[in-house]
Amino acid sequence: MKKILLSFSLAVALVFHAQAQFTVPALSYGYDALEPHIDKQTMEIHHDKHHAAYVEKLNKEVSGNAVLKDKSVEQIVSHVSKYNKAVRDNAGGHYNHSLFWAVLGPDGHTLSGPLLEDINATFGSFEKFKTAFADSAKTRFGSGWAWLIVDATGKLKITSTPNQDNPLMDVVKVKGTPILALDVWEHAYYLKYQNKRPDYITAFWNVVNWDEVNKKYNEAKKKK
Ligand code: MN
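Here the structure is a predicted model, which is why all the values come from computation and not from measurement.

Comments concerning the overall build of the protein chain
Helix and strand content of the protein chain: nine helices and three strands. The helix and strand sequence of the protein chain, counted from the amino end, reads α-α-α-α-α-α-β-β-β-α-α-α. Computed over the C-alpha atoms, the radius of gyration of the protein chain is 19 Å, within 12% of the 17 Å expected from 2.2 N^0.38 for a compact globule of 224 residues. Summarising its shape, the C-alpha atoms of the protein chain cover approximately 70 × 40 × 30 Å along the three principal directions. Residues counted as buried form 43% of the 224 residues belonging to the protein chain. Counting contacts in the protein chain only where the partners sit at least 6 residues apart, residues at least 24 apart contribute 68% of the total. For the protein chain, the computed accessible surface area is about 11600 Å², with 56% contributed by carbon and sulfur atoms.

Next up, the structure:
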């Protein structure tokens, strides 16, 4: 009887798991792969607890909701004005963190090719771009994100959003396709950097996966 009950609960757990519309994507690198710039414990808590909580709450919002059922997170955020605050916060949280993990990677990536040329042409130089992006991240009051986006005309732009909003959302002023993201919520850096957000932003440049940013740039340009 015990065995049957156990198999039954396992089956139930599997069914519930299979039904979850959204899941936290696994990192393509180890939790400690971004050391010393972003520490292992921050990565563990950020990915396994914070991101997982957004996904869990988002799944709760979409379950039994005929409108949201079968929609991708991109479809949800791009029409987010139609939905409630919990959907906005948690779909944003899921999209933003998924992108963030993808554009991070172990130290050693460099940028070249058309994106670098576009950055130089748009912002004056790569250094000027980094300064402008860092300023956008530093001056975001409270919790939020800094972004590099490709806008509707195919132009590169730096922007920032509060909370878990992002540039795909129909409610934000500066819209576009994000190709680089930086989380400036305190949970992203407080264990290692405490109140020193600028130090975290400086360290971030060491762990940008420019190959992935390049890929997202090419995809975004192709859509124009
Ligand atoms: Mn975060």
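Considerations on the packing of helix 2 (residues 40-62) against helix 4 (residues 85-102)
With their axes 8 Å apart at the nearest point, helix 2 and helix 4 run at an angle of 140 degrees to one another. Viewed along their axes, helix 2 and helix 4 adopt a mutual orientation that is oblique. Relative to helix 4, helix 2 is oriented so that their crossing is left-handed. For the pair formed by helix 2 and helix 4, the contact residues are Met43, His46, His47, His51, Ala53, Tyr54, Val55, Lys57, Leu58 and Glu61 on the first element and Ala86, Val87, Asp89, Asn90, Ala91, Gly93, His94, His97, Ser98, Phe100 and Trp101 on the second.

Points about the pattern of salt bridges
Per the stated rule, a full pass over the model turns up nine salt bridges. A salt bridge links Asp70 to Lys69, with the shortest nitrogen-to-oxygen separation between them at 3.4 Å. Residue classification places Asp70 among the exposed residues on the basis of a relative accessible area of 65%. Where Lys157 meets Asp151, a salt bridge forms, and the shortest distance between an N and an O atom there is 3.1 Å. You can call Asp151 buried: its relative accessible area is 7%.

Procedures and definitions
- Residues numbered from 1 in each chain as written.
- Predicted model: local features only at pLDDT ≥ 70, side-chain atom pairs only at ≥ 80, totals over all residues.
- Heavy atoms only, no water.
- Helix = DSSP H or I, 4+ residues; strand = E, 2+ residues; numbered from the N terminus.
- Rg over C-alpha atoms; globule rule 2.2 N^0.38 Å.
- Buried < 20%, exposed > 50% of the residue type's maximum accessible area, 1.4 Å probe, protein only.
- Contact = heavy atoms within 4.5 Å.
- Areas by Shrake-Rupley, 256 points an atom, 1.4 Å probe, with all protein chains shown as cover.
- Axes fitted to C-alpha atoms, helices over the stretch in contact; angles between N-to-C directions.
- Parallel < 35°, antiparallel > 145°, perpendicular 65-115°, else oblique.
- Left-handed = near helix turned anticlockwise from the far one by under 90°.
- Salt bridge = Lys/Arg side-chain N within 4 Å of Asp/Glu carboxyl O.

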